[in-house]
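# Close look at the chain arrangement
One letter stands for each residue in the lines below.
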Amino acid sequence: MRVGFIGIGLMGLPICQRLLRAGVDLQVWNRDQRKTIALAQTGAKTAVSPQALAAAVDVLLICVSDSAAVSAVLQGPEGVLSGAHSSLIVVDHSSITPDVTRQLAAELQTRCGAYWIDAPVSGGVAGAEQGRLVIMAGGDAERITAVSPLLAHYSQRITRMGDVGAGQVTKICNQLIVAANSLLIAETVALAEHAGVDAGLLAPALAGGFADSLPFQILTPRMAERRFEPVQWKVQTLLKDLGNAVALGQASASPLPLATAARQLLQTHADAGYASADLSSVILLHGNSTRETH
């Protein structure tokens, strides 16, 4: 199976590294070609364009920032739609809106006869590095089954949620919980500090209880230490995802008051210069306390 990958970012790089270690025949493309150098040095081929990549592979994986980026990769000059063939399966790991997903899937099928699977992931950079991502997929069941052994190189589970677009709806639900929870974790850390409790003890103290979660265990120590490097989740990424959640809620006549409030808080933080910072930096919404920032 010939595999292509577009988008060598925080998630794309460790996914590609796992594919190469598994012996996958991998060809990559990124808008900034410098980000492909390390992968090329470990066995990946480098494509000159999304068009050339789509023409040369059986499965094309995409993991880019947002709906506009996915659309550009598909529809832009020398884009995927110019090179896709009828046996191609496109698997989109990006987190984008369901309506754009359905539009691009229909265009790919109509113009090229190729198939689209929306397969956003959850688990963060650590999950990608450890091969423990969870994947929520929308699309044809037979084709999801066909690509599942490939996706298993970097995931622990793939669940078909329904037709095209269902994966993105599920990811929006996931991100709503993660983003809103991160802001509540920041409030918790600040409350503990202001009340005289060592916030560094919260994660081990509450481990295994009803308040525990992966974000809690990852974010709480980083917030307590004001340790924001390395970047694992960018504030702007979660802000985009909350925007998608609010928009989907409006389109579905489903009010999302907590998501709306969380989005406003994240926007305030991003506007203060933290858009590209790690999500743990939202603790700064509550001041620096007595700890030194890093």
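Please read these numbers as outputs of a predicted model, since none were measured by experiment. (Residues numbered from 1 in each chain as written. Predicted model: local features only at pLDDT ≥ 70, side-chain atom pairs only at ≥ 80, totals over all residues. Heavy atoms only, no water.)

## Looking at empty space enclosed by the protein
Applying the stated criterion to the full structure yields 2 cavities of 30 Å³ or more. Approximately 40 Å³ is the volume attributed to the largest cavity. Lining the largest cavity we find Gly123, Gly124, Val125, Ala126, Ile218, Gln232 and Trp233. Among the elements that line the lining of the largest cavity, the one with the most residues is helix α7 (residues 124–130), at 3 residues. Looking at side-chain class alone, the lining of the largest cavity contains 4 nonpolar, 3 polar and no charged residues. Roughly 30 Å³ of internal volume is contained in the second largest cavity. Around the second largest cavity, the lining residues are Ser95, Ile96, Gln168, Lys171, Ile172, Gln175, Asp241 and Asn244. Of all the secondary-structure elements, those providing two or more residues to the lining of the second largest cavity are α9 (166–194) and α12 (235–251). If one sorts the elements of the lining of the second largest cavity by residue count, α9 sits on top with 4 residues. Residue classes in the lining of the second largest cavity are distributed as 2 nonpolar, 4 polar and 2 charged. (1 Å grid on protein atoms, 1.4 Å probe; cavity = no way out; pocket = protein on both sides within 12 Å on 5 of 7 lines; lining within 4 Å. Points joined across faces, edges and corners; volume = space filled by probe spheres on them. Helix = DSSP H or I, 4+ residues; strand = E, 2+ residues; numbered from the N terminus. Nonpolar A, V, L, I, M, F, W, Y, C, P; charged D, E, K, R; others polar.)

## Some details on the pattern of salt bridges
Inspection of the entire model under this criterion finds 10 salt bridges. Between Asp140 and Arg143 there is a salt bridge, and its shortest N-O distance comes to 3.1 Å. As a salt-bridge pair, Arg227 and Glu225 come within 2.7 Å of each other at their nearest N and O atoms. Here Arg227 falls in the partly exposed class, since its relative accessible area comes to 30%. (Salt bridge = Lys/Arg side-chain N within 4 Å of Asp/Glu carboxyl O. Buried < 20%, exposed > 50% of the residue type's maximum accessible area, 1.4 Å probe, protein only.)

## So, the nonpolar core
Of all hydrophobic cores here, the largest spans 31 residues; its most connected members are Phe5, Leu61 and Val91. Listing elements by their share of this core, those giving two or more residues are β1 (2–6), α1 (12–21), β2 (25–29), β4 (59–62), β5 (89–92), α7, β8 (133–138) and α8 (141–151). Once you skip the residues sitting within four places of it in the chain, Val91 turns out to touch Val59, Leu60, Leu61, Ile62, Ile117, Ala119, Val147 and Leu151. Judged by nonpolar contacts, the second largest core, of 30 residues, contains Ala199, Ala203, Met223 and Val282. (Core = buried A, V, L, I, M, F, W, Y, C linked by side-chain atoms within 4.5 Å. Contact = heavy atoms within 4.5 Å.)

## Focus: the confidence of the model for the protein chain
Across the protein chain, the average pLDDT comes to 95, with 98% of residues at or above 70. Under a pLDDT of 50 for its full length, residues 290–294 has, in the predicted model, 12 contacts with residues more than four places off or in other chains. (pLDDT = per-residue confidence, 0-100.)

## Some words on the packing of α12 against helix α13 (residues 257–274)
Two elements in contact, α12 and α13, have axes whose closest approach is 9 Å; the angle formed by their N-to-C orientations is 150 degrees. Regarding the angle of α12 to α13, the classification is roughly antiparallel. Like other packed secondary-structure pairs, α12 and α13 cross with a definite hand, here left-handed. Contact residues: α12 offers Val235, Leu238, Leu239, Leu242, Gly243 and Val246, while α13 offers Ala259, Thr260, Ala262, Arg263, Leu266, Gln267, His269, Ala270 and Tyr274. Within the contact of α12 with α13, the residues separate by chemical class into 10 nonpolar, 4 polar and 1 charged. (Axes fitted to C-alpha atoms, helices over the stretch in contact; angles between N-to-C directions. Parallel < 35°, antiparallel > 145°, perpendicular 65-115°, else oblique. Left-handed = near helix turned anticlockwise from the far one by under 90°.)

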